[in-house]
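Here's the letter readout for the chains.
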Amino acid sequence: MTTSTRGAAKAPAVLVLEDGRIFRGRAYGAVGETFGEAVFSTGMTGYQETLTDPSYDRQIVVATAPQIGNTGWNDEDDESGRIWVSGYVVRDPARVPSNWRSTRSLDDALVGQGVVGICGIDTRALTRHLRERGSMRAGIFSGEAIAAEPELLARVQAQPHMKGASLYEEVATREAYVVPAVGEKRFTVAAIDLGIKGMTPHRMAERGIEVHVLPATATADEVYAVGPDGVFFSNGPGDPATADGPVALMTEVLERRTPLFGICFGNQILGRALGFGTYKLKYGHRGINQPVQDRTTGKVEVTAHNHGFAVDAPLDKVSDTAFGRAEVSHVCLNDDVVEGLQLLDQPAFSVQYHPEAAAGPHDAAYLFDRFVSLMEGQRA
């Protein structure tokens, strides 16, 4: 990605999709060029948490909500140390942010971190196009980066696909760190960072868990050196088919029968460790209004999602695996995509969505309590 400083809110900009569809608008954020997979997010709030979610690495995010930036940008709601999206696409950016916690505008945050965006385009038409044709490679070009359309299209089509992309190591922490328990310490958890969001260890800390966040390359010896009562595998970007290292680590954790919880990428890792395949969704699930049924209770939850891949596991039967019986515990009510797995003969489960949901909703927060219950049961 190449960028220039704030320019030019009025500078022309163009979004080019790999199938040749072109949208023209104005520069938003930094001026220059950027490439990534174009995806859409249906959340009406929580854009700061979305932009700083490491799972969006190398993706150009299209906001389906028409007005973005109304609450500005603050210093408390980041989910990581930086913005991870490759580019941002909005229809009507707020001219003046209005919120007592805001310290600067969204535009200022994008410029400050060199994130190229585009505004003033028909995001409804773009979203319908991506839903019909599927997520695809794209480029945003503004200012002097704009060139002849055939040249821009050729550059977009030369970019790598998301399928087959190994990205989790480039977003994960390089050094281990500890998030202390809030109040009395009850448990110790080793959390494997595959693109972890800041709110995730915080949700565990609220429940008396001391969280040791470890790099994606952590070995079993490094995991068990912290004396974990449980092991957690986080969300993250890219194709789970490339994550052989985390799958091998999870296999060792399952062999030791340590209580295990995974979310998003961690759910896909569990699927692979149990012998299931994974596949790329046509346009994925992204936003904070996705309906999921917990099949163990029958309850329907409104949940936060960000995933373009899914686990290929049977919905209609219990499967035999190397670690005992496994079943699909959660399913998306929009399209029957697997949204959770659980083992029936040992303490391990996962969900495909984000129960920490800093921007809401909080229907799925009970899953952290379920993890605590597994650790209590193992200790007993």
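The chain appears in an unreviewed UniProt entry as Carbamoyl phosphate synthase small chain from Streptomyces phaeoluteigriseus. Per UniProt, the chain has the following entry under Subunit (unreviewed entry): "Composed of two chains; the small (or glutamine) chain promotes the hydrolysis of glutamine to ammonia, which is used by the large (or ammonia) chain to synthesize carbamoyl phosphate. Tetramer of heterodimers (alpha,beta)4." The annotation that UniProt attaches to the chain under Sequence similarities (unreviewed entry) is "Belongs to the CarA family."

Let us look at the side chain of Thr303. Looking at the element boundaries, Thr303 is found in strand β17 (residues 300-312). On the basis of relative accessible area, Thr303 is assigned to the buried category, the value being 1%. Separated by 2.8 Å, the side chain of Thr303 and the backbone oxygen of Gln290 make a polar contact. There is a polar contact of 2.8 Å between the side chain of Thr303 and the side chain of His305. When sequence neighbours within four positions are dropped, the list of residues in contact with Thr303 reads Gly287, Ile288, Asn289, Gln290, Val292, Tyr353, Pro361 and Ala364.

Once that is clear, we can look at helix α3 (residues 123-133). Here α3 has its buried residues at Thr123, Leu126, Thr127, His129 and Leu130. All buried residues of α3 project into a common sector of 160° when viewed along the axis, lining one side. Capping the start of α3 is the job of one residue whose side-chain oxygen sits 3.2 Å from the backbone nitrogen of Arg124: Asp122. Phi turns positive one or two residues past the end of α3, at Gly134, with a value near 100°.

What follows deals with the layout of surface pockets. Put simply, the largest pocket is a space of about 340 Å³. Forming the boundary of the largest pocket are 22 residues, of which Phe35, Gly36, Asp57, Arg58 and Ser86 lie nearest the centre. Of the residues forming the lining of the largest pocket, the biggest block, four residues, is contributed by strand β4 (residues 31-41). Approximately 280 Å³ is the volume found for the second largest pocket. Secondary-structure elements contributing two or more residues to the lining of the second largest pocket are α1 (47-51) and β6 (67-68). For the lining of the second largest pocket, the element with the highest residue contribution is α1, accounting for three residues. Class assignment of the residues belonging to the lining of the second largest pocket gives a composition of six nonpolar, 11 polar and three charged.

Overall, the coordinates contain seven aromatic pairs when judged by the stated rule. Measuring from ring centre to ring centre gives 5.5 Å for Phe35 and Phe141, while their planes differ by 80°; the resulting arrangement is edge-to-face. Of this pair, Phe35 sits in strand β4 while Phe141 is found in strand β10 (residues 136-142), placing the two residues 106 residues apart along the sequence. Under the relative-accessibility criterion, Phe35 is labelled buried at 18%. Phe141 sits in the buried class, given a relative accessible area of 0%. Each ring, one from Phe40 and one from Tyr283, has its centre 5.7 Å from the other, and the planes form 25°; the classification is stacked. With Phe40 in strand β4 and Tyr283 in strand β16 (residues 277-294), this pair connects stretches of sequence that are 243 residues apart. Residue class for Phe40 comes out buried when judged on its relative accessible area of 8%.

This paragraph deals with the UniProt feature "domain: Carbamoyl-phosphate synthase small subunit N-terminal" (unreviewed entry) in the chain. On the UniProt side, "domain: Carbamoyl-phosphate synthase small subunit N-terminal" (unreviewed entry) is annotated at positions that read residues 11-141 here. Across residues 11-141 one finds 18% helix and 36% strand; the C-alpha atoms that close the span lie 10 Å apart.

Further remarks concern the domain arrangement of the chain. You can read the domains of the chain as domain 1 (8-157) and domain 2 (168-379). Its C-alpha centre places domain 1 at a distance of 29 Å from the equivalent point of domain 2. Tallying the contact residues gives 24 residues for domain 1 and 23 residues for domain 2. For the pair domain 1 and domain 2, the two sides together bury roughly 1,900 Å², of which 44% comes from carbon and sulfur. Taken together, domain 1 and domain 2 are joined by two salt bridges.

Attention now moves to the environment of Pro97. Position of Pro97 among the secondary structure elements: in the loop between β8 (92-93) and α2 (106-112). Pro97 sits in the partly exposed class, given a relative accessible area of 29%. When the C-alpha atoms of Pro97 and Asn70 are compared, they prove to be 4.8 Å apart, with 27 residues separating the residues in sequence. Setting aside its immediate chain neighbours within four residues, Pro97 contacts Gly69, Asn70, Thr71, Gly72, Ser102 and Ser105.

At their nearest, the axes of helix α8 (residues 244-255) and helix α9 (residues 265-273) sit 9 Å apart, and the two run at 70° to each other. Between α8 and α9, the crossing angle belongs to the class labelled roughly perpendicular. Handedness of the crossing formed by α8 with α9: right-handed. Contacts from Asp244, Pro246, Val247, Met250, Thr251 and Leu254 of α8 reach α9 at Gly266, Ile269, Leu270, Arg272 and Ala273.

Take the side chain of Thr173 next. Inspection of the secondary structure puts Thr173 in the loop between α5 (168-171) and β11 (177-179). Here the side chain of Thr173 touches Glu175 through a polar contact of 2.7 Å, landing on its backbone oxygen. With residues up to four places along the chain from it excluded, the contact list for Thr173 reads Asp193, Val213, Leu214 and Pro215.

Procedures and definitions
- Residues numbered from 1 in each chain as written.
- Predicted model: local features only at pLDDT ≥ 70, side-chain atom pairs only at ≥ 80, totals over all residues.
- Heavy atoms only, no water.
- UniProt positions renumbered as here; feature names shortened; annotations may be inferred.
- Helix = DSSP H or I, 4+ residues; strand = E, 2+ residues; numbered from the N terminus.
- Buried < 20%, exposed > 50% of the residue type's maximum accessible area, 1.4 Å probe, protein only.
- Polar contact = N/O pair within 3.5 Å; in protein donor to acceptor, adjacent residues only side chain to side chain.
- Contact = heavy atoms within 4.5 Å.
- Arc of directions from axis to C-beta.
- 1 Å grid on protein atoms, 1.4 Å probe; cavity = no way out; pocket = protein on both sides within 12 Å on 5 of 7 lines; lining within 4 Å.
- Points joined across faces, edges and corners; volume = space filled by probe spheres on them.
- Nonpolar A, V, L, I, M, F, W, Y, C, P; charged D, E, K, R; others polar.
- Phe/Tyr/Trp six-rings, centres within 6.5 Å; stacked < 30°, edge-to-face > 60°.
- Domains from an automatic or database assignment.
- Buried area = accessible area lost by both parts, 1.4 Å probe.
- Salt bridge = Lys/Arg side-chain N within 4 Å of Asp/Glu carboxyl O.
- Axes fitted to C-alpha atoms, helices over the stretch in contact; angles between N-to-C directions.
- Parallel < 35°, antiparallel > 145°, perpendicular 65-115°, else oblique.
- Left-handed = near helix turned anticlockwise from the far one by under 90°.

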